[in-house]
Amino acid sequence: MTSEQKRDFTRRVTNANRSGLMLIKFEILFVYMEDACAAFAADDSEGFKAAVRSADNVLKSFEETLDFTYEMSGRLYALYDFHRRQLAKALMRHSTEEIEESRRLLKQMYETFSEVAKQDQSAPLMRHAQQVYAGMTYGKGDLNENIDITEPSRGFLA
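Below is a short write-up of the structure. (Residues numbered from 1 in each chain as written. Predicted model: local features only at pLDDT ≥ 70, side-chain atom pairs only at ≥ 80, totals over all residues. Heavy atoms only, no water.)

## Examining the overall build of the chain
So, step 1. Per the secondary structure count, the chain includes five helices and two strands.
So, step 2. Traced from its N-terminal end to its C-terminal end, the chain shows the element sequence α-α-α-α-α-β-β.
So, step 3. Out of the 158 residues in the chain, the part that is buried amounts to 32%.
So, step 4. For the chain, long-range pairs separated by at least 24 residues make up 59% of all intrachain contacts whose partners lie at least 6 apart in sequence.
So, step 5. Accessible area of the chain: about 10500 Å², with a carbon and sulfur share of 53%. (Helix = DSSP H or I, 4+ residues; strand = E, 2+ residues; numbered from the N terminus. Buried < 20%, exposed > 50% of the residue type's maximum accessible area, 1.4 Å probe, protein only. Contact = heavy atoms within 4.5 Å. Areas by Shrake-Rupley, 256 points an atom, 1.4 Å probe, with all protein chains shown as cover.)

Have a look at this one:
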C-alpha cells in the first residue's frame, strides 16, 4: 500500500459512518490482496508474506467487530474465517489462486454492503474531525486539498 493510499484511507475514515467504515475496510483488504499478487508476480517472497498477513489482519478485524447478538454475525464469522483460511493456504502453498478466489467472493460481499451503505444516513463515527475541502484550488498537475483548522474542539471532548 502506497503512502498516498494510506493518506486517502485515513482521510475517508475520519468522515465515515459505520457502513462507510466497513466499505473502506473492504477496500483496504483488496489493496493488500492486490499487493500480494503483485509481490508474487515480482518474485518478492517477503513482500508477498507481508501483504497476505496484512490482508489477514483486516479479515481478523472483521471477525473481532461482529456483534453476536444478531444471528447474521455467526454466518459472517464463518465467511470471514473461510477467507482467512484461504489466505493461510496461499502462504503455505506460495500461490495466488486462493487469493484470487477469495477476492472474487469478497467483491460480491462488498457490493452487498455497498447497497446497504447507500441507505445508511447516520452521522460519522468521528465527531469534530478536521474537514477536508477538495477542489477549491488546483496546483500544477494536481488537486490541492485544504484542511479547516478553525474547529477549536477537534478530536475527543472531555
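On we go from here.
## Quick notes on helix α5 (residues 97–119)
So, step 1. Taking 1.5 Å of rise per residue, the 23 residues of α5 would be expected to cover 33 Å, and the 34 Å separating its terminal C-alpha atoms lies within 8% of that figure.
So, step 2. Buried within α5 are the following residues: Glu 98, Ile 99, Ser 102, Arg 103, Leu 106, Met 109, Tyr 110, Ser 114 and Ala 117.
So, step 3. On the buried face of α5, the contacting elements are α2 (18–41), α3 (45–64) and α4 (71–93). (Expected span 1.5 Å × (residues − 1).)

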